[in-house]
Structures are given as structure tokens and as C-alpha cells.
Amino acid sequence: MNFDNKFGMFIHWGPYAALGLHEQALARYNIPYTEYEAMAMQFNPTEYNPEEWVLLAKKCGMKYICFTAKHHDGFCMWDTKATDYNIMNTPYGKDVLKMLADACKKHGILLSLYYSNPDWHYEYGYNPESKSHQWGAKYKNQVNTVKLREFIKAQITELLTNYGKIYTLFWDIPPCIYDPSLNELARKLQPDIYINDRGWSEGDFSTPEREYEAANNGRFTRMTEACNSVGAHSWGYRVGEDFYTKRHLCCAIDRYMSAGASYLLNVGPDKKGVITDDYCQNLLKVADWYNRMDECLECHEADDTDYGIKNNKYIANIKNGKTYLHFYEGIMSNSVAIKNYTKVPKSVRFMNSGESLHYNIIPLPEFMDMSKTTQDELLHIYGIDADKYADEPIVIEIEW
Ligand code: GLC
């Protein structure tokens, strides 16, 4: 089992955008609850136009959007009956999730929902049976995980009933209490949904985030959706954010997608609801590369041949009789030499530029094996203008 749609836009958006600090600003900057909550209730994203978000995602080659319905601060971005602490009671007063769901539907983009288990506003939101992200809870002496679960069930029921088809459910922060009934409820309401591993039982897929190591042999054995933000410090909108380089993001995306994972790349819209130019440009620089690559990143199976390529780290996939070599950290020279080829290729292509590449079968002056008298012949692919694409992973297509 794996995802059919592999590249998505993660969107962290809530009243915290108005502070321009971090999505967990309440706790991380120790903002008094009364001040934060008053600020949240004044949330007024007058320029919110979800069609712009959806069209941007499409332009980037993305197939779905994962939206933070509720982050740790507990503020709900939909018309929930479970708490007054929601978008309907702000000056804006409109169901922003509904508007996003409609825009997604209109433009053929799937919608996924992020839902935080920690809730720093709800009176029984404190969960001592969770190892992390409890520090911001307002009522630390009122523990009732039964009520907390009922509250979450009511909200998940709304989210998975009122907004059409939901592609994936992204629970955040494992609660450390085993309660499969929450995922069962989600599956009852949305039979085709994929559920992540940060909820109340194992779920369908894993969620490594930011900088992490891939599985042992580089391939994922379980359905996996990796994620990172274009911004280095925050998932929510941050004034003066530092942005990752194109190379860092593209290499990570190539590495994890070629190893079988999906990828969510995050942006944080501002308090008005706009994905500001700096965030946009950083997304588009990745899109410029991704849109040349999607045919070999979206679906593939492992090519298990050991090609004996020296020095360069790579992952090999096969699709329609073509092998795709993903050099996810780039290549060291303008050529690669392949040892264990079984056929002479029909053609070789440099995916980054789309150009055909030259190749020949020649011996190279390798370190000699004492048992041999001549060098092995190698499939030598050369003249690769890797310098021109120094800010991208290098991908080579071989048609056998
Ligand atoms: C972490 C962060 C959280 C963010 C999430 C995205 O759990 O604590 O703020 O929403 O990652 O995956």
C-alpha cells in the first residue's frame, strides 16, 4: 500500500500568524493566556482567498493540501460546536476550512487535515500521558483524559463529516494512550482515509519531519510522508524567517521521495491570509526543480541492481523499463560509471535539463584487481553539466 499522490502543501495557519513568531508562540514566548486569547479572538484575515493557495499548490506540482484545523493553541479554524474558541466568533466570522475545502474541490486538489492532540485552551486539554507539547496547557491541574477524548471525538466527527472527502488525517503529538476507537471513528466517517502515526494507535503511515535519517538501506518499508517547512525555524508565519536553500530542500525531497515516501512542504500564510512573497519564492524555487522531475518521483519501484557506482550516493528506481538514478547529494564529476549493467542502453537522459547524454562502454583506469589483467568495461555516462544544476540533486534516466 502506498500513496497515489506524493507531493503536498502543508499549511500552518492560525491566529499565531498575527504574532509572526512561531506556531507555538504562546508557550515558546511565554505570552499570557488572556493576551493570546484576546488576540486570537480578533483574528481577521481580510485577504484570505483559498483559491490562491490552491492554485499555488497546483503550480508547484502538488496534489494535496494538509491544513492545520487546530494547532496546539486550541484555536479552531472551522465552525465547531465543541468550543467557542473558533473562527466563527472572530470579526472574520467565516468558516475558513469550508472555504478551503470548496477551493480544493473546485481545482481538483485533495484536502488533508492536521489536528493537534495537545490543546492549550480546552479546560481538560492537559494530558499527562503524553510525553511532549503539554507545557502550554492552561489548566494543568484539571486532568480528565476521558473528557479530552470525547472532545476530540466530537471535533473529529465534525471535521470528517462536514468538509467532503478528506485524503489523510495528520494527528499531531502522540498521546501515549492506546485508544484505537479514535482511528476507527475516522475510518467509519471516511472509509478511504489514510491516518498517520502520531495519534492513538499506529495508523497507516510514518511522519519523519525536518532533518532526519532515512531507513537503513535508504528505502522506507512502511508508508511514509516526510515533511519540512520552507522556513527553518517555524511552521507558522514568522517575520524575518530564515529560509532553507533550494539545494537543501530539493536534495531532501529527492532522497525521501525516491526512497518511497511522500513529501509535505510547508508554508505559513500571514495574518491576512496571504502566502507572502518571501514564502512564495522559496516554494517556487523548489517547484522549478520538482516540475522537471515529477515523472520519476511520483511513482516508481525499486531497481535492486547493484550498479557498483563509486563515490556518489544514489537510489535507483525503475518505471516502464527505464532506470532512474537519483544522486540525491549531486555528483562529484561530470560523469558516472556503471559496473553491473546487463544491456547497452538505448538512450540516456539528464532529467535536470531534459537533454540526451553521451555514453560509451570503456575501461577506466580503476584500481586493478590482482586476479585480472585488463580493466573491466564500464558504462560511462559523460558530459553531464552538473555544475549548471549545483543547487539540485542530479537524476539520470537510462532506457535499456
Ligand atoms: C512538530 C511541531 C509542530 C508542527 C509539527 C509539524 O510536531 O511541534 O508545531 O506543527 O511538527 O509536523
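Everything quoted here is computed from the prediction, not taken from an experiment.

## A few points about the domain arrangement of the protein
When the domains of the protein are assigned, the result is domain 1 (7-291) and domain 2 (301-399). One C-alpha centre belongs to domain 1, the other to domain 2; they are set 39 Å apart. Counting residues at the interface gives 12 residues for domain 1 and 15 residues for domain 2. Across the interface of domain 1 and domain 2, roughly 1100 Å² is buried in total on both sides, 52% from carbon and sulfur atoms. In terms of surface lost to domain 2, no three residues of domain 1 exceed Arg 219, Arg 247 and Asp 254, which account for 45% of the buried area on that side.

## Notes on the packing of aromatic side chains
Aromatic ring pairs are defined here through the distance separating the ring centres and the angle between the ring planes. With the rule as written, the count across this model stands at 28 aromatic pairs. Ring centres of Phe 3 and Phe 205 lie 5.1 Å apart, and the angle between their planes is 75°; this geometry places the pair in the edge-to-face category. Of this pair, Phe 3 sits in the segment before β1 (7-11) while Phe 205 sits in the loop between β5 (194-195) and β6 (225-229), and the two are 202 residues apart along the sequence. The pair formed by Phe 3 and Phe 205 is uniform in burial state, with each residue classed as buried. Centre to centre, the rings of Phe 10 and Trp 235 are 5.7 Å apart; their planes meet at 70°, and the pair counts as edge-to-face. Residue Phe 10 is found in strand β1, and its partner Trp 235 is found in the loop between β6 and α7 (246-258); the two are separated by 225 residues along the sequence. Each member of the pair Phe 10 and Trp 235 is classed as buried. Through pairs of rings, three or more aromatic residues link up here, namely Trp 13, Phe 43, Tyr 48, Trp 53, Phe 67 and Tyr 92. Positioned over the ring face of Trp 235 is Arg 210, at 4.7 Å from the centre of the ring.

## Concerning α7
When the terminal C-alpha atoms of α7 are compared, their 18 Å separation across 13 residues agrees well with the 18 Å that a helix rising 1.5 Å per residue should span. Counting buried residues in α7 gives 10 out of 13 residues, a clear majority hidden from the surface. Among all positions in α7, only Lys 246, Leu 249, Cys 250, Cys 251, Ala 252, Ile 253, Asp 254, Tyr 256, Met 257 and Ser 258 are buried. A positive phi of about 110° marks Gly 260, the residue just after α7.

## Here's the deal with the side chain of His 71
Looking at where His 71 falls in the secondary structure, it is placed in the loop between β2 (64-70) and α4 (96-107). With a relative accessible area of 3%, His 71 lands in the buried category. Only 3.0 Å separates the side chain of His 71 from the side chain of Tyr 114, close enough to count as a polar contact.

## Overview of the pattern of salt bridges
Enumeration over the complete set of coordinates arrives at 22 salt bridges. One salt bridge in this structure joins Asp 179 and Arg 149, with 3.2 Å as the shortest N-O distance. Residue Asp 179 is located in the loop between β4 (168-172) and α6 (181-189), and its partner Arg 149 is located in helix α5 (residues 145-159); the two are separated by 30 residues in the primary sequence. With a relative accessible area of 11%, Asp 179 lands in the buried category. Judged by relative accessible area, Arg 149 falls into the buried class, the value being 18%. Put simply, Arg 292 and Glu 392 hold a salt bridge, and the shortest N to O gap is 2.7 Å. Of this pair, Arg 292 sits in helix α8 (residues 277-297) while Glu 392 sits in the loop between β14 (377-382) and β15 (394-399); the two residues are 100 residues apart in sequence, bridging distant segments of the chain. Using a relative accessible area of 25% as the deciding quantity, one classes Arg 292 as partly exposed. A single salt-bridge network, built from bridges that share partners, covers Lys 246, Asp 288, Arg 292, Asp 391 and Glu 392.

## Details of the site of the ligand
What surrounds the ligand is a group of 15 residues, the closest being His 12, Glu 23, Gln 24, His 71 and Glu 209. In this structure, Gln 24 approaches the ligand through a side-chain N or O atom, which is 2.7 Å from an oxygen atom. Between the ligand and Tyr 114 there is a distance of 3.3 Å, counted from an oxygen atom to a side-chain nitrogen or oxygen. Residues belonging to the shell around the ligand are distributed by class as follows: 6 nonpolar, 5 polar and 4 charged.

## Considerations on the packing of α7 against α8
One way to put it is that α7 packs onto α8 with a least axis distance of 10 Å and a crossing angle of 20°. In terms of axis orientation, α7 runs roughly parallel to α8. The handedness of the crossing between α7 and α8 comes out as right-handed. Note on element contacts: α8 touches α7 through Lys 285, Val 286, Asp 288, Trp 289, Tyr 290, Arg 292 and Leu 297, opposite Lys 246, Leu 249, Cys 250, Ile 253, Asp 254, Met 257 and Ser 258. For the contact of α7 with α8, the class distribution of residues is 8 nonpolar, 1 polar and 5 charged.

## Remarks on the nonpolar core
The biggest cluster of nonpolar side chains holds 94 residues, and the ones touching the most others in it are Trp 13, Phe 67 and Leu 265. In terms of residues, this core owes the most to one element, α8, which gives 10 residues. Of the residues that make up this core, three or more belong to each of domain 1 (7-291) and domain 2 (301-399). Leaving out residues up to four positions away in the same chain, Trp 13 has contacts with Phe 43, Pro 45, Tyr 48, Trp 53, Phe 67, Thr 68, Met 77, Val 96, Pro 269, Asp 270 and Gly 273. Within the second largest apolar cluster, 20 residues are counted, among which are Phe 350, Tyr 389, Ile 394 and Ile 398.

## Quick look at the side chain of Thr 68
With respect to the helices, strands and loops of the structure, Thr 68 is situated in strand β2. A polar atom in the side chain of Thr 68 sits 2.9 Å from the backbone nitrogen of Trp 13.

The rules behind these values
- Within each chain, residues carry numbers counting from 1 in the order of the written sequence.
- Where totals are concerned, whole chains, interfaces and linings use all residues; where local detail is concerned, this predicted model gives features only for residues with pLDDT of at least 70, and gives and counts side-chain atom pairs only at 80 or more.
- Side-chain metrics in this entry use all non-hydrogen atoms of the structure; hydrogen atoms and water are not considered.
- Domain segmentation is taken from an automatic or database assignment of domains.
- Pairs of residues are marked as contacts when any of their non-hydrogen atoms sit within 4.5 Å.
- A simple way to read buried area is as the amount of 1.4 Å-probe accessible surface that goes missing from two parts once joined, with both sides added.
- When two rings of Phe, Tyr or Trp (its six-membered ring) have centres within 6.5 Å they constitute a pair, described as stacked for plane angles under 30 degrees, edge-to-face for angles over 60, and tilted for the intermediate range.
- Only DSSP runs of H or I covering at least 4 residues are called helices, and only runs of E covering at least 2 are called strands; the numbering of each starts at the N terminus.
- In this scheme, a residue with accessible area under 20% of its type's maximum is buried, one over 50% is exposed, and one in between is partly exposed, where area comes from a 1.4 Å probe on protein chains only.
- Lysine and arginine charges are scored as sitting over a ring when NZ or CZ, respectively, is within 6 Å of the ring centre and within 35 degrees of the ring normal.
- Here the expected length of a helix is defined as 1.5 Å per residue gap, with one fewer gap than residues.
- Polar contacts, as counted here, are pairs of nitrogen or oxygen atoms within 3.5 Å of one another; within protein the pair requires one atom able to donate a hydrogen and one able to accept it, and residues that are adjacent in sequence qualify only if both atoms are side-chain atoms.
- By definition here, a salt bridge exists when the distance from a side-chain nitrogen of Lys or Arg to a carboxyl oxygen of Asp or Glu is within 4 Å.
- For this purpose, a residue is taken to be near a molecule or strand whenever a single non-hydrogen atom of the residue falls within 4 Å of it.
- Side-chain classes are defined by residue name, with Ala, Val, Leu, Ile, Met, Phe, Trp, Tyr, Cys and Pro counting as nonpolar, Asp, Glu, Lys and Arg as charged, and the others, Gly among them, as polar.
- Lines fitted to C-alpha atoms define the axes here, with helix axes fitted over just the stretch in contact, and angles between the N-to-C directions of these axes take values from 0 to 180 degrees.
- By definition in this entry, angles of less than 35 degrees are roughly parallel, angles greater than 145 are roughly antiparallel, angles of 65 to 115 are roughly perpendicular, and the rest are oblique.
- Left-handed describes a crossing whose near helix is turned anticlockwise from the far helix by less than a right angle; the clockwise case is right-handed.
- As used in this record, nonpolar core signifies buried Ala, Val, Leu, Ile, Met, Phe, Trp, Tyr and Cys residues forming a set joined through side-chain atoms within 4.5 Å.

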